[in-house]
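Secondary and tertiary structure notes
Residue strings, one per chain:
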Amino acid sequence: MSGQANKGTAVVTGASSGIGAVYADRLAGQGYDLVLVARRADRLEELAEKLRYAYDRKVSFIAADLSDDDDVRRVERVISADDSVTLLVNNAGLGGQQVVATADADAAERMIKVNVIALTRLTRAVLPGLLVRNRGAIVNIASVLAYETSFGGIYSGTKAYVVNFTEALHREVAGTDVKVQVVLPGATRTDFWELAGSDIGQLPKEIVMSADDMVDAALVGLARGEAVTVPALADAAKLDTFLGARQAFYGSLHADKPAARYAA
């Protein structure tokens, strides 16, 4: 049983396995009640019962397909009306190594709906309440592939959106006690790869992290107030250098006339 004080309710999407299930376990252990969201009700029920027993927390679940508009709105209604919500972990995501010319258009749309639209709508559903109560956090799970397109432009494009969206959100809540964090995992050992049609076993084992280690590192980053957490990055100065260079580059993109190199 957990002897910690109740920290409110954490909503975790994609909670039935992998990274989401680890988040659910760790957050219950930290003193959160839980609302678990995923497609498979049987897995959610099994996990909920396990967590109730292990941590003596209230655990409910919503079986929902976040690529379905009606299901997303159903989840929105529940979590926006729950004043106990203090944490949202937008972990649900679809992957796939697809190039645009041969991608299944419906599969690409589902990926965008889950990775981008559902994440945005669920964030919008809880943010006003967090700001009114001036407490809590939003954690969005992106990917290091937000900065690399070799896995396919559709997937990396959705994760680039998550990074930009979350960085802007971090600025939006500045001056409040609401935290915002984007997490960029590298290769992580979950069933995500199999579902995306890839074989994680083909990667060098020294670059594949366990879901437990990834989530534990991300939670340390959240506790430290990091806006951007990259669990595999050993030298934090590299992130500062990258973000600084990006800002400096942006500052050079404005002028009243085209650059001389474009002169006819």
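Being a predicted model, the structure only gives us computed values, none of them experimental.

On to the layout of surface pockets. Taken as a whole, the second largest pocket encloses approximately 600 Å³ of empty space. Forming the walls of the second largest pocket are 24 residues, and the residues nearest its centre are Ala227, Val228, Thr229, Leu239 and Leu243. Examining the composition of the lining of the second largest pocket, we find that seven residues originate from one element, helix α8 (residues 236-251), more than from any other. Grouping the amino acids of the lining of the second largest pocket by side-chain chemistry returns 13 nonpolar, five polar and six charged.

On to the side chain of threonine 123. As for its position among the elements, threonine 123 is in helix α4 (residues 105-133). Within the structure, threonine 123 has its side chain in polar contact with the backbone oxygen of leucine 119 (distance 2.8 Å). Discounting chain neighbours no more than four positions away, the residues touching threonine 123 are Leu88, Asn90, Ile138, Asn140, Phe165 and Leu169.

The subject of this paragraph is the packing of helix α1 (residues 18-30) against helix α7 (residues 211-223). One way to put it is that α1 packs onto α7 with a least axis distance of 9 Å and a crossing angle of 50 degrees. By the angle between their axes, α1 is oblique relative to α7. The two elements α1 and α7 meet at a crossing, and its hand is right-handed. Here Gly18, Ile19, Val22, Tyr23, Arg26, Leu27 and Gln30 of α1 come into contact with α7, specifically with Ala211, Asp212, Met214, Val215, Asp216, Ala218 and Leu219. When its residues are assigned to classes, the contact of α1 with α7 shows nine nonpolar, two polar and three charged.

A ring pair, where both rings are aromatic, is described by two values, the distance of the centres and the angle of the planes. For the coordinates displayed, the defined rule picks out two aromatic pairs. Centre to centre, the rings of tyrosine 147 and phenylalanine 242 are 4.9 Å apart; their planes meet at 65 degrees, and the pair counts as edge-to-face. Here tyrosine 147 is found in the loop between β5 (137-141) and α5 (153-172), whereas its partner phenylalanine 242 is found in helix α8, with 95 residues between them in sequence. With centroids separated by 5.5 Å and ring planes inclined at 15 degrees, the aromatic side chains of tyrosine 161 and phenylalanine 165 adopt a geometry described as stacked. Taken together, the positions of tyrosine 161 and phenylalanine 165, both in helix α5 and four residues apart, correspond to about one turn of that helix. Note on tyrosine 161: relative accessible area 30%, which makes it partly exposed.

Here we come to a nonpolar patch on the surface. A cluster of nonpolar side chains, namely Phe249, Tyr250 and Leu253, defines an oily patch on the protein surface of about 350 Å² accessible area. Secondary-structure assignment places tyrosine 250 in helix α8. Assessed through its relative accessible area of 48%, tyrosine 250 is described here as partly exposed.

Here is what the cut-offs are and how they apply
- Residues numbered from 1 in each chain as written.
- Predicted model: local features only at pLDDT ≥ 70, side-chain atom pairs only at ≥ 80, totals over all residues.
- Heavy atoms only, no water.
- 1 Å grid on protein atoms, 1.4 Å probe; cavity = no way out; pocket = protein on both sides within 12 Å on 5 of 7 lines; lining within 4 Å.
- Points joined across faces, edges and corners; volume = space filled by probe spheres on them.
- Helix = DSSP H or I, 4+ residues; strand = E, 2+ residues; numbered from the N terminus.
- Nonpolar A, V, L, I, M, F, W, Y, C, P; charged D, E, K, R; others polar.
- Polar contact = N/O pair within 3.5 Å; in protein donor to acceptor, adjacent residues only side chain to side chain.
- Contact = heavy atoms within 4.5 Å.
- Axes fitted to C-alpha atoms, helices over the stretch in contact; angles between N-to-C directions.
- Parallel < 35°, antiparallel > 145°, perpendicular 65-115°, else oblique.
- Left-handed = near helix turned anticlockwise from the far one by under 90°.
- Phe/Tyr/Trp six-rings, centres within 6.5 Å; stacked < 30°, edge-to-face > 60°.
- Buried < 20%, exposed > 50% of the residue type's maximum accessible area, 1.4 Å probe, protein only.
- Patch = residues over 30% accessible without salt bridge, like charges linked within 9 Å, V, L, I, M, F, W, Y side chains within 5 Å.
- Areas by Shrake-Rupley, 256 points an atom, 1.4 Å probe, with all protein chains shown as cover.
- Salt bridge = Lys/Arg side-chain N within 4 Å of Asp/Glu carboxyl O.

Any functional reading would require information beyond the geometric quantities listed.
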